[in-house]
Amino acid sequence: MSTTTPTPARSGAVKAPGGAPDGPGGRRRKRSMGKQNLAGWLFSTPFLVLFGVFMLFPIVATLLMSFTDFGQRHVRRPLEAEFVGFDNYVKLFGDEQFLKALFNTAYFVVVGVPLTIGLGLLVAILLNNGIDRARTFFRVGFYAPVVTTIVAVAIVWRFVLDPSDGLIAGLGAELGFTAPDFLGSETWAMPSLIAMAVWRNLGTVMVLMIAGLQAIPAEVREAARLDGANAWQELRRITVPLLRPTLLYTTVITTIGYLNVFEEPFVMTQGGPSDATLTVSLDMYKQGFSFFNMGYASAMAYVLFVVIMAITVLQLRLMKDNTK
Amino acid sequence: MSAAPAAQAAAPARRRQRRMSKPALYVVASLGLLVMATPFLWMALSAFKTKKDLTASPPVWLPSEWTLQNFRDLLDQLDMPQYFLNSVIVAVLVTVCNLLFCSMLGYALAKLNFTGRSKVFGIVLAALMVPANLMVLPLFVLINQLNLLDTYAGLVLPFAAAAFGVFLMRQFMQAIPDELLEAARMDGAGEWYIFWRIVIPLVKPALATLTIFTFLGSWNNFIWPLIATNDPEKYTLPVALATFANDPNRTVGGANGMLMAGSLLVVLPVLVVFAVLQRHFTQGIATAGLK
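Since the structure is predicted, the reported quantities are computational estimates derived from the model, not experimental observations. (Residues numbered from 1 in each chain as written. Chains lettered and ligands numbered in written order. Predicted model: local features only at pLDDT ≥ 70, side-chain atom pairs only at ≥ 80, totals over all residues.)

1. Some thoughts on the overall build of chain A
The condition that has to hold: Every helix listed is a DSSP run of H or I at least four residues long, and every strand listed is a run of E at least two residues long, numbered separately from the N terminus. Exposed residues have 12 or fewer other C-beta atoms within 10 Å of their own C-beta, buried residues have 20 or more, and residues in between are partly exposed; the C-beta atoms are placed from the backbone. We call two residues in contact whenever the C-beta atoms placed from their backbones are within 7 Å.
Tallying secondary structure elements over chain A gives 14 helices and zero strands in all. In sequence order, the secondary structure elements of chain A are arranged as α-α-α-α-α-α-α-α-α-α-α-α-α-α. With 324 residues in all, chain A has 45% of them scored as buried. Here the contacts in chain A between residues at least 6 apart in sequence split such that 66% fall between residues at least 24 apart.

2. Some points on the overall build of chain B
Along its length, chain B carries 16 helices and zero strands. Across the 291 residues in chain B, those meeting the buried criterion constitute 44%. Considering only residue pairs separated by 6 or more positions, chain B has 77% of its internal contacts joining residues 24 or more positions apart.

3. Notes on the UniProt feature "transmembrane region" (unreviewed entry) in chain B
All names here are of chain B. Put simply, the test is: UniProt positions are given in the numbering used here, feature names are shortened, and annotations may be inferred rather than shown by experiment.
Listed under "transmembrane region" (unreviewed entry) in the UniProt record, and renumbered for this structure, are residues 24–45, 83–108, 120–143, 155–173, 194–216 and 258–277. Between the end C-alpha atoms of residues 83–108 the distance is 37 Å, and the span holds 100% helix and 0% strand. End-to-end, the C-alpha atoms of residues 194–216 are 30 Å apart, and along that stretch the chain is 96% helix and 0% strand.

4. Considering the domain arrangement of chain B
Residue and element names in this part refer to chain B. Our working definition: Domain borders in the structure are assigned automatically or taken from a domain database. Under the scheme applied, nonpolar residues are Ala, Val, Leu, Ile, Met, Phe, Trp, Tyr, Cys and Pro; charged residues are Asp, Glu, Lys and Arg; polar residues are all the others, including Gly.
The assigned domain composition of chain B is domain 1 (3–70) and domain 2 (74–290). Elements supplying a minimum of two residues to the side of domain 1 that touches domain 2: α3 (22–46) and α4 (51–54). With three residues, the single largest contributor to the side of domain 1 that touches domain 2 is α3. The residue inventory of the side of domain 1 that touches domain 2, partitioned by class, reads four nonpolar, three polar and two charged.

5. Section: the packing of helix α8 (residues 189–214) of chain A against helix α11 (residues 244–259) of chain A
All names here are of chain A. Which entries qualify depends on this criterion: Axis definition: a line fit to C-alpha positions, over the contact stretch in the case of helices; interaxial angles, taken between N-to-C directions, run 0 to 180 degrees. Roughly parallel here means an angle under 35 degrees, roughly antiparallel means over 145, roughly perpendicular means 65 to 115, and every remaining angle is called oblique. By definition, any crossing whose near helix is turned counterclockwise from its far helix by less than a right angle is left-handed, and any crossing with a clockwise turn is right-handed.
Relative to each other, α8 and α11 sit at 155°, their axes nearing to 10 Å. Comparing their axes, α11 and α8 come out roughly antiparallel. Between α8 and α11 lies a crossing whose hand is right-handed. Note on element contacts: α11 touches α8 through Thr246, Tyr249, Thr250, Thr254 and Tyr258, opposite Ala197, Asn201, Val205, Leu208, Met209 and Gly212. Here the contact of α8 with α11 is built from residues that sort into six nonpolar, five polar and no charged.

6. With respect to the UniProt feature "transmembrane region" (unreviewed entry) in chain A
All names here are of chain A. Listed under "transmembrane region" (unreviewed entry) in the UniProt record, and renumbered for this structure, are residues 38–67, 106–128, 140–160, 193–216, 242–261 and 294–314. Helix makes up 93% of residues 38–67 and strand 0%, with an end-to-end C-alpha separation of 40 Å. As annotated, residues 193–216 has a helix share of 92% and a strand share of 0%, and its two end C-alpha atoms lie 34 Å apart.

7. Topic: the interface of chain B and chain A
Often the size quoted for an interface is simply the accessible area lost on bringing the parts together. Counting residues at the interface gives 93 residues for chain B and 95 residues for chain A. Looking at which element gives the most residues to the side of chain B that touches chain A, the answer is helix α16 (residues 254–290) of chain B, with 15 residues. Its residues assigned to classes, the side of chain B that touches chain A shows 65 nonpolar, 19 polar and nine charged.

8. Some words on helix α13 (residues 280–290) of chain A
Residues and elements named next belong to chain A. With eight of its eleven residues buried, α13 lies for the most part within the structure. Regarding α13, the residues found buried are Val280, Ser281, Leu282, Asp283, Met284, Tyr285, Gln287 and Gly288. At the exit of α13 stands phenylalanine 292, carrying a positive phi of roughly 55°.

9. Remarks on the domain arrangement of chain A
Along its sequence, chain A is carved into domain 1 (27–65) and domain 2 (88–322). The distance between the C-alpha centroids of domain 1 of chain A and domain 2 of chain A comes to 35 Å.

10. Structural notes on the UniProt feature "domain: ABC transmembrane type-1" (unreviewed entry) in chain A
With numbering matched to this structure, UniProt assigns "domain: ABC transmembrane type-1" (unreviewed entry) to residues 102–315 of chain A. Between the C-alpha atoms that bound residues 102–315 of chain A there is a distance of 19 Å. The span itself is 76% helix and 0% strand.

11. A look at the confidence of the model for chain A
We apply this condition: The predictor rates its confidence in each residue with pLDDT, a number between 0 and 100.
Per-residue confidence for chain A gives a mean pLDDT of 83, with 89% of residues at or over 70. Across residues 1–26 of chain A, confidence stays below pLDDT 50; counting only partners more than four residues off in sequence or on other chains, it has 40 contacts.

12. What about unusual backbone geometry?
Its identity is not glycine, yet A:Ser274 carries a phi of approximately 40°, on the positive side. Tracing the chain through its elements places A:Ser274 in the loop between α12 (263–268) and α13. Note on A:Ser274: 10 C-beta atoms within 10 Å, which makes it exposed. Residues other than glycine seldom take positive phi values, yet B:Asp150 does so here, at roughly 60°.

13. Details of the environment of B:Arg72
Residues and elements named next belong to chain B. By secondary structure assignment, the location of arginine 72 is in helix α5 (residues 69–77). The class for arginine 72 is exposed, based on 12 C-beta atoms found within 10 Å. Sequence-wise, arginine 72 and isoleucine 89 are 17 residues apart; in three dimensions their C-alpha atoms are separated by 24 Å.

14. Thoughts on helix α13 (residues 204–220) of chain B
One turn of an α-helix holds 3.6 residues; hence residues three or four places apart share an orientation. Applicable threshold: To estimate the expected span of a helix, count its residues, drop one, and scale the result by 1.5 Å.
Relative to the 24 Å expected for 17 residues at 1.5 Å per residue, α13(B) spans 24 Å between its end C-alpha atoms, a close match to the ideal helical length. All of the buried residues along α13(B) are B:Ala206, B:Leu207, B:Thr209, B:Leu210, B:Ile212, B:Phe213, B:Thr214, B:Leu216, B:Ser218, B:Trp219 and B:Asn220.

15. Section: the confidence of the model for chain B
The pLDDT averaged across chain B works out to 84; a share of 87% of its residues lies at or above 70. What the predictor reports for the complex is a pTM of 0.82 with an ipTM of 0.82.

16. Some points on the environment of A:Phe182
All names here are of chain A. Along the chain, phenylalanine 182 falls in the loop between α7 (167–175) and α8. Looking at phenylalanine 182, the number of C-beta atoms within 10 Å reads 25, which means it is buried. Separated by 24 residues in the primary sequence, phenylalanine 182 and arginine 158 place their C-alpha atoms 9.2 Å from one another. Those residues in contact with phenylalanine 182 that lie beyond four places of it in its chain are Leu161, Pro163, Trp188, Ala189 and Ser192.

17. Brief notes about the environment of A:Gly120
Residues and elements named next belong to chain A. Looking at the element boundaries, glycine 120 is found in helix α4 (residues 96–128). Exposure remark for glycine 120: the 25 C-beta atoms within 10 Å place this residue in the buried category. Considered as a pair, glycine 120 and methionine 206 are 86 residues apart in the sequence and their alpha carbons are 4.6 Å apart. Residue contacts for glycine 120: discarding those within four places in its chain leaves Leu202, Val205, Met206 and Met209.

18. Focus on the packing of helix α6 (residues 80–111) of chain B against helix α10 (residues 163–173) of chain B
Residues and elements named next belong to chain B. Axis separation between α6 and α10 bottoms out at 7 Å; the angle between their running directions is 50°. It follows that α6 is oblique to α10 by the angle criterion. The two elements α6 and α10 meet at a crossing, and its hand is right-handed. Residues Asn98, Cys102, Ser103, Leu105, Gly106, Tyr107, Leu109, Ala110 and Lys111 of α6 form the contact with α10, whose own contacting residues are Gly165, Val166, Met169, Arg170 and Met173.

Next up, the structure:
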């Protein structure tokens, strides 16, 4: 590649691939295009090969597996798995454990996403309006949970929430209330996981929101203030409408992330007590890698994927319409 | 739980007619920060507590007696240096691969006109959105078939070229003026030379951002190393820690201190690196997230 011959005067007009108008010097441009074609594909090859082998192939394979009885013995001999049609999918919707996992995942998303977005927005506004000293310090502090290992975070939270010698239990003892056995109670286990997820993901939302807030021209705010808008009016009439693209983006990525929730329940509760924190991803992992019902687990993966796609499309529609 | 006080603290900001005064703003932000930092503080302090302090009820904040026993026990019972080494090797390999492959494709997408470019970019965008759940089952079968379970290759290859990195590099490389590359082409430079000698030095800040994100992503990665390793010799730090935490046979009480010590050892390097390089984080998120 490094021996490419000189390619004179490629005019700046050639921008769109393949759509170049053939003006004077077109032949030379074509030769240059040929060179760039080759180079372009060579530069793309490593990514495309890795993508093909480790992403595209598995995605297709999951779909195929979801129509088979793929089990433990097929890990060594994948091709011997038998085609079973839609059996796995039919079974799924009669599987009470899976339906519970669907409900739990919905619970996690419906409560967790608005909390994360709302608090992230509040922190962003707080840090963007008036915190100039130690600004970095505050941002690093709020973002720190995002960059830490989920395993360590989960371990720490387990001890914070411990009913006998945990931090909250201790605070409760001093203030005169008895803290529940957060992770051991069917009622409190899920809210505890949600609280941890909000704590952990707040920083991402905050950073995105700050970037969005800084894109709002100062003149707009000043005009609003001159017209006598108070803080609440400014938030509702100026900040939120102008922040809509950022809000949309953060809502969509947070929702997708929360629909896939796996690590929090895996490390904190293993899905218990009595499946109160079993999510779809965790159910899939258990079916696939603990019981090796890989065909069945693949069907779960696709059901979850379809749900994610549908919700994402819905969110994009709804929030776009609002701007009109 | 931790989120609720922050919400209550921030609520008055809405109701006030006048803007909040500076000191009040700082008080609210500091309270929020304290809530965010509490689990970390709790972890750091507990790592140095004795068994007696750890099981005290009600719990004590400060260790009545500072001890390193938890760290000694941890190193005694778990092969922490080996796990640390595994984590470092995997993270370095993943990062090097991503830096090279993502900037190569990023360059092609930003600066080379080739037929099918928009299709390749479409693939990158689609790959950004694919959840891991959709791949992990056959990926395990594939890696097993390739005899790569319990190998570094098995841990690295599925993450060797992330779509996020391609997207990030493309965004940055688009800002390079075409004239510069044209001039080099007129002087007879080949595309590889241009990429390596002109483009790469110009996007060093983006490479720094990508390095941090990729390294941390790999360092914190949990699900795949958990699936792709059976041999404790090849465990990464998070897998080793989680396995230990979920082991029903570990001795109660004293093990809690070890877990806190272990968590501290895993988290501390990350927090230090992050605090030093935080500028690159926020830039990276803002660029890759919103453009």
